[in-house]
Structures are given as C-alpha cells and as structure tokens.
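# Structural overview
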Amino acid sequence: MPEPVQLLASAVSRWGEDEWSRGAWSLIGVDGTPADRTTVGSPVGTRLRIAGEGTHPTRAGMTHGAHEQGVQAGEWAAARGHRRVVVVGAGIAGLAAAQELRGRGVDVQVWEARDRVGGRAVGVEVGGSTFDLGANWLQQFDENVLARTVEALGLRTVATDFTDPLVLGSPTGGVPRPEGLTRGLRERLAVAAPGTSIGQVVEEWLRDPRPWTAEVVRRFVDAEVVMDTGVPLSSLSARHGFEAGVGEGDRWIVGSYRRLLDHLAEGVDVRLRRPVRRVEVRDDGVLVAGADEEVHDGEVHADAVIVTVPFAVLAAGAVEFVPPLPGGHRDALARLPTGRVEKVVLRLDRRFWPEHAAGYYRVHGPGAGSVSEWLDAAEADGRPTLVGLFAGPWVEELWAGEDEAVARAALGVVTAALGL
Ligand SMILES: Cc1cc2nc3c(=O)[nH]c(=O)nc-3n(C[C@H](O)[C@H](O)[C@H](O)COP(=O)(O)OP(=O)(O)OC[C@H]3O[C@@H](n4cnc5c(N)ncnc54)[C@H](O)[C@@H]3O)c2cc1C
C-alpha cells in the first residue's frame, strides 16, 4: 500500500459567497444577446458610465476584456472634458480606466470595497509560492493587451492546451473535445430559435446523439459549457450563451497575476475599504457616497463616475443610483446572469498524478452537470501543486464546509479518480 498523499497547504476561493463579486463572471441568459452587454456599457447621460468585463460584447468574462472596457470608459470621460472622475471598483477594469484618465491629466480617485486591488484577479500564498485564486490565464494570448504588458514585465507564462485534457477516472481517457462534437454543438446552437436555452438544444441532441453516446455528449457539454459558465444549461441563451475565449491561445502566469496588478495600480489613487452605496448624478456633477457617511471622506464630488463593480453586485442592488439607471440598462442587466466557478490550490507532498503533455486534467462529478478541471502547476512551480476549478451542483456540495474540508474533499476527487 503506498502512503496516503499529504496535503501540505491549500487555498479555496469563495466567489459565490463574496459580497463584492457574488459569482464568477457575467453570462448571456436565455433572452439575452451580446447587444445587452453594449447597452449596459453605454453612457448614461454625460456623467455616468458602467464598465467591466460584463460590458464587453465579445470578450466578456476575461481580464483583457475588462481592461479594454476600462480604457474605453476612461477615454470617454476624458473626451467629455471631465477633469475630476471617480472610479468605483479597483479590479482590472477600474485600474485600466484610472490609468487612462491619469495619462490624460485627469484627477481620478478609485473607491474600492475590499482591502486590496485586483477584484476577481488575486494571487494568494500557498506553501511558499503565489497562485491565482481568481483569473488564472491570459486568454486569446496573441491579441491580448495584458499579455503584451506581461511580456514587457518579463513574467513567465506557460501554455495550456484545453483541447487535450487527460480525463481521470474514465476507462477510455475520456473525450477530449473531438472536432466533430464541437462542430455538432455549434451548429445546433446557431440554428436555435431566439429564447431557447442551451439546455433545450442539448436535450434534443441527446434524443439522437449518434454517432456518439448520450454519455459522451453530456460529458462534452459539461466540460465545454458548464465548466466555462458555472450555471445550469437551462439558464443560457442557445444562440449567444456559449461565448468565445477559452481554447484560443491560453497561457497562465507563473507566480500569479500579482505583479501585473501591482503594475496596473502603480501611481493610481486607490482608496481601499470604501464600499460605494450610492451614486447620484446631478446637473452640475456627481456625488459618490460610501457605506458610512458619518466618517470623514464618506462621500466625494466629481464631474463624472465610472462604475466597474460586477454585474451580480449591481443586480443585488448594492449600489443605489439616483436617478435610477434607465430602463434599457436595467432590462439588459437582468438578461446577463452570473455563474459560480470556484477554485482550489493544493500543495502536496508528492506528485501522484500521471504525466500529460497538455498539463491539464478533467474529472467528471458524480451527477450530470458537475465537472472539475485541474492545472498541473508542479513543473512551473518546482513543487507538486494542483490548481482545480469546479462547476455545477458539485460546487454547492463540496463548498458547504470550511476551507480545509473543501481542500481535502477536492483532493479526494483526484485521488478517487485515480483509484488511490
Ligand atoms: C474563478 C475564476 C476564474 C477566472 N479565470 C479567468 C481566466 O483564467 N482568465 C481570464 O481572463 N479571466 C478569468 N476570470 C474572469 C476575470 O477574473 C474577470 O473577468 C475580471 O477580473 C473582471 O474584472 P473587472 O474589473 O470587470 O471586475 P472585478 O475584478 O470584479 O472588479 C470590480 C471591483 O469592484 C469592487 N466592488 C464591488 N462592489 C463595490 C462597491 N459597492 N463599492 C466599491 N467597490 C466595489 C470589487 O471588490 C472589485 O475589486 C476568472 C474569474 C473567476 C472568478
């Protein structure tokens, strides 16, 4: 009997429960279209604009999309002649907006609810190294504006081939995204009637899955769609809910996004622990008010405001807009839900999983719609480390306990799949 694997250190994300994210990233719901993203991101009058990953019509849910939208909002505010701007949220979009404004000589202050910058990108220490608990990869690497910054900073990146994961616990090694299946899914989604969900399309497909089996199709869809969205298939638009991004050139940053974030925040006036509760637009300017108006600096006046908080935070009503956002913005927001994808980083006493050139693994959950994927960080870090992503009903089950219990259960998923 080999010695049991020892978990030396770990980190567990809680994006779903986190008050300042309330989930992973924005998605296109059953009745939504990419135009809804553009609507939310379009200026409200001359003094207010919403930016962030969710406003990008083609690169939502990704850090470079967030950056592009931040830059665009900053350009807009400067072009309107605003001299004093408040940015709400110091994630990548907020930092990008602030840098853009700073570069144009505009006085800019960023109000951030957390005690750190970065938002859904955050590096955490695990066993002496730093790993990402949020965004991990730079997607669409060749055309990714942040990838150019990472190169200029001299950071090391490692490619991941998402098309060739080794499926653990599957007698055949699984179905690593065969060409025909991807085409089959895309073709079916493209002709779906408006208002149809991906779930309905897949249900129809499963009635006649030939030349594959229903199990193969189901697992393929779990890996391709559920893993990339973190919601049930019934919540996603068939036409638009399977968005681009993953599998178009993906590299992760060894040592995490941390140094990139430090660079993006350099010289920016960020006020931490300042949750914004109210954004009031008046004829002569804007008023941005924090949680506690009793405290000094509880509010700030400016010419314009750029709001970059996650859509799920807006949907929860965490920020009151006075006057309320226009109906078009609110309706579009309601069609853009947010999913839940969680991560674990596991530092282990030894490498117990098989070598695989793609550096990527998949384990399907016990029930339909549950899936986990694993990045092998051992070689890049020099120590045995796995970074796991979980989506589907599995997340609710595993994440019910304390962090330590979640990490152990996540490790159990891999060891059980390998029969250890
Ligand atoms: C588990 C996970 C894995 C991911 N993997 C990848 C990946 O590999 N590659 C990739 O490109 N993308 C990935 N993403 C998505 C990526 O992290 C986001 O798209 C991106 O970071 C969003 O940036 P943002 O500035 O739009 O929003 P955020 O980063 O969420 O920034 C918004 C900021 O607003 C703050 N805030 C919220 N409410 C308030 C308030 N009321 N007042 C003041 N501040 C407030 C928040 O604290 C936060 O700092 C991943 C996300 C998750 C959760």
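Structure: above.
Residues numbered from 1 in each chain as written. Predicted model: local features only at pLDDT ≥ 70, side-chain atom pairs only at ≥ 80, totals over all residues. Heavy atoms only, no water.

## Observations regarding the overall build of the chain
Note the cut-off: Working definition: helices are DSSP H or I runs of at least four residues, strands are E runs of at least two. Numbering for both runs from the N terminus. When a residue's accessible area, from a 1.4 Å probe over protein chains only, is under 20% of the maximum for its type it is buried; when over 50% it is exposed; and in between it is partly exposed. Any two residues whose heavy atoms approach within 4.5 Å are treated as being in contact. Surface exposure here means Shrake-Rupley accessible area, sampled with a 1.4 Å probe, where a residue is shielded only by the protein chains that are shown. Only four residue types enter the charge count, namely Lys and Arg as positive and Asp and Glu as negative; His and the chain termini do not. Each charge is placed at NZ for Lys, CZ for Arg, CG for Asp and CD for Glu.
Scanning the chain for helices and strands turns up 13 helices and 20 strands. Summarising its shape, the C-alpha atoms of the chain cover approximately 70 × 50 × 40 Å along the three principal directions. Scored against the burial criterion, the 420 residues of the chain give a buried share of 56%. For the chain, contacts bridging at least 24 residues in sequence account for 73% of all contacts bridging at least 6. As displayed, the chain has an accessible area near 17200 Å², and 49% of this comes from carbon and sulfur atoms. Taking the 44 positively charged and 58 negatively charged side chains of the chain as two groups, their mean positions are separated by 2 Å.

## Let's talk about the layout of surface pockets
Here the idea is plain: a probe the size of a water molecule rolls over the atoms and shows the empty space left. Stated precisely, the cut-off is as follows: Cavity: a set of points on a 1 Å grid over the protein atoms alone where a 1.4 Å probe fits but cannot get out. Pocket: an open set with protein on both sides within 12 Å along at least five of seven lines, its lining residues, like those of a cavity, having an atom within 4 Å of a point. Grid points are joined across faces, edges and corners, and a volume is the space filled by probe spheres set on the points. Residues were grouped as follows: Ala, Val, Leu, Ile, Met, Phe, Trp, Tyr, Cys and Pro as nonpolar; Asp, Glu, Lys and Arg as charged; and all remaining residues, including Gly, as polar.
The volume enclosed by the second largest pocket comes to roughly 360 Å³. Val226, Val231, Pro232, Leu233 and Gly369 are the residues nearest the centre of the second largest pocket, which is lined by 22 residues in total. Broken down by element, the lining of the second largest pocket gets its largest block of residues, 5 residues, from helix α6 (residues 198–207). Looking at side-chain class alone, the lining of the second largest pocket contains 10 nonpolar, 7 polar and 5 charged residues.

## Comments concerning unusual backbone geometry
With an omega dihedral of 10 degrees, the bond running from arginine 210 to proline 211 counts as a cis peptide bond. Residue placement: proline 211 occurs in the loop between α6 and α7 (214–229). Positive phi, close to 55 degrees, is recorded for arginine 22, a residue that is not glycine. By the element assignment, arginine 22 lies in the loop between β1 (7–12) and α1 (34–41). Residue arginine 22 is classed as partly exposed on the basis of its relative accessible area of 38%. Phi is positive for serine 256, which is not a glycine, with a value near 85 degrees. Along the chain, the position of serine 256 falls in the loop between β10 (250–253) and α8 (258–265).

## What about the site of the ligand?
As a reminder of what qualifies: Nearness is defined per residue: one heavy atom within 4 Å of the molecule or strand is enough. Think of a polar contact as two N or O atoms within 3.5 Å of one another; within protein, one of them needs to be a possible hydrogen donor and the other a possible acceptor, and neighboring residues in sequence only count if both atoms come from side chains.
Contacts to the ligand come from 38 residues, most closely from Thr63, Glu112, Arg120, Trp137 and Val276. The contact in question runs from a nitrogen atom of the ligand to an N or O atom on the backbone of glycine 61, over 3.4 Å. Contributions of two or more residues to the shell around the ligand are made by α2 (63–79), α3 (92–103) and β17 (341–348).

## Quick word on α7
The condition is simple: One fewer than the residue count of a helix, multiplied by 1.5 Å, yields its expected span.
Taking 1.5 Å per residue, 16 residues should reach 22 Å; α7 reaches 21 Å between its end C-alpha atoms and fits that length. Buried residues along α7 sit against α5 (179–190), α6, β17, β18 (360–364), β19 (371–376) and β20 (385–391). Phi turns positive one or two residues past the end of α7, at glycine 230, with a value near 75 degrees.

## Comments concerning the side chain of arginine 340
Along the chain, arginine 340 turns up in the loop between α10 (327–334) and β17. Reaching out from arginine 340, the side chain makes a polar contact with the side chain of glutamate 17 at a distance of 3.4 Å. Only 3.4 Å separates the side chain of arginine 340 from the side chain of glutamate 396, close enough to count as a polar contact.

## Describing the sheet that holds β10
Defined as follows: Two strands are said to pair when DSSP picks up at least two bridges between them.
Sheet architecture is open: 3 strands sit in the order β7-β10-β8, paired in antiparallel fashion. Taken across any chain shown, the strands that pair with only one partner, and hence form the sheet edges, are β7 (137–138) and β8 (157–160). Across 2 bridges, β7 lies against β10 in antiparallel orientation. Bridge pairing links tryptophan 137 to tryptophan 252 in β10.

## So, helix α4 (residues 145–152)
Because an α-helix completes one turn every 3.6 residues, residues spaced three or four positions apart along the sequence face the same direction. Our working definition: In this context, the arc is that of the directions from the helix axis out to the C-beta atoms.
Considered for burial, the residues of α4 that qualify are Leu146, Ala147, Thr149 and Val150. The buried residues of α4 all sit within an arc of 160 degrees when viewed along its axis, so they share a single face. At its buried positions, α4 is contacted by α2, α3, β7, β8, β10 and α8. For α4, the capping residue at the N-terminal end is asparagine 144, with a side-chain oxygen 2.8 Å from the backbone nitrogen of leucine 146.

## What to know about the nonpolar core
Put simply, the rule reads: As used here, the term nonpolar core means buried Ala, Val, Leu, Ile, Met, Phe, Trp, Tyr and Cys residues forming a set that is joined through side-chain atoms within 4.5 Å.
Core analysis: the biggest nonpolar cluster contains 44 residues, and Ile198, Val221 and Val225 have the highest contact counts within it. Of all the elements, α7 adds the most residues to this core, at 7 residues. Beyond its immediate sequence surroundings of up to four residues, isoleucine 198 is in contact with Leu189, Val225, Leu233, Leu236, Ser237, Ala238, Gly241 and Phe242.

## Here we look at the packing of α1 against α10
Keep this limit in mind: Axis angles are defined between N-to-C directions and span 0 to 180 degrees, where every axis is a line fitted to C-alpha atoms and, for a helix, only to the segment in contact. With respect to orientation, any angle under 35 degrees is reported as roughly parallel, any angle over 145 as roughly antiparallel, any angle of 65 to 115 as roughly perpendicular, and every other angle as oblique. A crossing counts as left-handed when the near helix is turned anticlockwise from the far one by less than a right angle, and as right-handed when that turn is clockwise.
The contact between α1 and α10 brings their axes to 8 Å, and the two run at 135 degrees. Put simply, α1 runs oblique to α10. Two packed elements cross with a definite hand, and for α1 against α10 that hand is left-handed. Residues Asp36, Thr39 and Val40 of α1 pack against Gly328, His329, Ala332 and Leu333 of α10.

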